[in-house]
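Take a look at the letters that make up each chain.
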Amino acid sequence: GAGVSQSPSNKVTEKGKDVELRCDPISGHTALYWYRQRLGQGLEFLIYFQGNSAPDKSGLPSDRFSAERTGESVSTLTIQRTQQEDSAVYLCASSLVGQDYNSPLHFGNGTRLTVT
Amino acid sequence: GIQVEQSPPDLILQEGANSTLRCNFSDSVNNLQWFHQNPWGQLINLFYIPSGTKQNGRLSATTVATERYSLLYISSSQTTDSGVYFCAVEREYGGSQGNLIFGKGTKLSVKP
């Protein structure tokens, strides 16, 4: 079946503009994660959605960042008034999470964002 | 929050050599996963291993949850093993369930 799909794969934007990044998780996966990876760095947690529970937004770096998820499907990450330090690869992952179990995380190929 | 430390940060191997990568974590976990990020940036899940031992071909992993560490073994390394290996954990208690925290990774280079 299809894996996690992210779009666009690359995005170049001018400082101050808003951008919207999209993630299509694996069908049936209840959990969806967004991470940010700066060049040569590790993965920085941004936000986590699980089923109908309130999302864990504890990793969002500022109020310019927001994310939504429609049910257990598509998610969009929005960055308003982009800054140069927002330049990074934004990675989405999904998994199947139940009360007593977790399944492995599956990552998309990411969106490479460049703010000029 | 939970701390995840990986060692070594960098590792250079000759093709055919074996290696052990380590992940230490500071709190009880109920979810631990190992990932490989290839030189093109793709992240592949290697193991879901909150406890015990698993093997997949030349790779195996062991997590000793009571001592808060996990080990990833690579045997007979190949150049295609090059990349960055990440360990990620989820706290068992205290909130932020579901929040998988990644270590900084071990960068592996396998020379032909």
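Caption draft 1: Structural detail: the overall build of chain A. Along its length, chain A carries zero helices and ten strands. From first element to last, N terminus to C terminus, chain A shows the α and β order β-β-β-β-β-β-β-β-β-β. Seen through its C-alpha atoms, chain A measures out along the principal axes to roughly 45 × 30 × 25 Å. For chain A, buried positions account for 51% of its 116 residues.

Caption draft 2: Broad picture of the pattern of salt bridges. Inspection of the entire model under this criterion finds five salt bridges over all chains. For Asp24(A), the salt bridge is made with Arg22(A), and the minimal N-O distance between the two is 2.9 Å. For Arg91(B), the salt bridge goes to Asp27(B), with nearest N and O atoms at 3.3 Å. With a gap of 64 residues between them, Arg91(B) in strand 9 (residues 83-91) and Asp27(B) in the loop between strand 3 (19-25) and strand 4 (29-37) connect regions that are remote in the sequence.

Caption draft 3: How the structure looks around the interface of chain A and chain B. In this assembly, 17 residues from chain A lie in contact with 18 residues from chain B. In total, about 1400 Å² of surface goes out of reach between chain A and chain B, with carbon and sulfur atoms giving 53% of it. Counting across the chain A and chain B interface gives zero salt bridges. For the pair chain A and chain B, the number of links is five residue pairs in polar contact (both at pLDDT 80 or more). Mapped by element, the contributors of at least two residues to the side of chain A that touches chain B are strand 4 (31-37) and strand 5 (44-50) of chain A. By residue number, the principal contributor to the side of chain A that touches chain B is strand 4 of chain A, which donates three residues.

Caption draft 4: Summary view of the sheet that holds strand 3 (residues 19-24) of chain A. All names here are of chain A. Overall, antiparallel pairing links the four strands, which are arranged 1-3-7-6 in an open sheet. The open sheet terminates on both sides in strands that have one partner only, identified here as strand 1 (5-7) and strand 6 (65-69). Between one strand axis and the next, the sheet turns through 15° on average, direction left out of account. The pairing of strand 1 with strand 3 spans three bridges and is antiparallel. Paired with serine 7 across the bridge in strand 3 is arginine 22.

Caption draft 5: Representation of the packing of aromatic side chains within the structure. Per the counting criterion, the structure on display carries nine aromatic pairs over all chains. Ring geometry for Phe107(A) against Phe102(B): centres 6.1 Å apart, planes inclined by 75°, an arrangement best described as edge-to-face. Note that Phe107(A) is positioned in strand 9 (residues 106-107) and Phe102(B) in strand 10 (residues 101-102), a pairing that runs across two chains. The two residues Phe107(A) and Phe102(B) agree in class, both being buried.

Caption draft 6: Broad picture of unusual backbone geometry. Omega for the bond connecting Ser7(A) with Pro8(A) falls within 30 degrees of zero, at -10°, which places this linkage in the cis form. Here Pro8(A) lies in the loop between strand 1 and strand 2 (10-13). Residue Arg81(A) is not a glycine yet carries a positive backbone phi of 50°. With respect to the secondary-structure elements, Arg81(A) resides in the loop between strand 7 (75-79) and strand 8 (88-95). Taking the relative accessible area as the measure of exposure, Arg81(A) reaches 42% and is therefore partly exposed. Unlike most non-glycine residues, Arg68(B) shows phi in positive territory, near 60°. In this structure, Arg68(B) sits in the loop between strand 7 (59-64) and strand 8 (69-74).

Caption draft 7: Broad picture of the sheet that holds strand 3 of chain B. Residues and elements named next belong to chain B. If you trace the five strands from one edge of the open sheet to the other, you get 1-3-8-7-6, paired in antiparallel fashion. This sheet does not close on itself; its edge strands, each paired only once, are strand 1 (4-7) and strand 6 (52-56). Averaged over all pairs of adjacent strands, the angle between strand axes in this sheet comes to 15°, irrespective of strand direction. Note: strand 6 against strand 7, five bridges, orientation antiparallel. Its bridge partner being in strand 7, glutamine 55 is matched across the sheet by serine 60.

About the thresholds
Residues numbered from 1 in each chain as written. Chains lettered and ligands numbered in written order. Predicted model: local features only at pLDDT ≥ 70, side-chain atom pairs only at ≥ 80, totals over all residues. Heavy atoms only, no water. Helix = DSSP H or I, 4+ residues; strand = E, 2+ residues; numbered from the N terminus. Buried < 20%, exposed > 50% of the residue type's maximum accessible area, 1.4 Å probe, protein only. Salt bridge = Lys/Arg side-chain N within 4 Å of Asp/Glu carboxyl O. Contact = heavy atoms within 4.5 Å. Buried area = accessible area lost by both parts, 1.4 Å probe. Polar contact = N/O pair within 3.5 Å; in protein donor to acceptor, adjacent residues only side chain to side chain. Pairing = 2+ DSSP bridges. Axes fitted to C-alpha atoms, helices over the stretch in contact; angles between N-to-C directions. Phe/Tyr/Trp six-rings, centres within 6.5 Å; stacked < 30°, edge-to-face > 60°.

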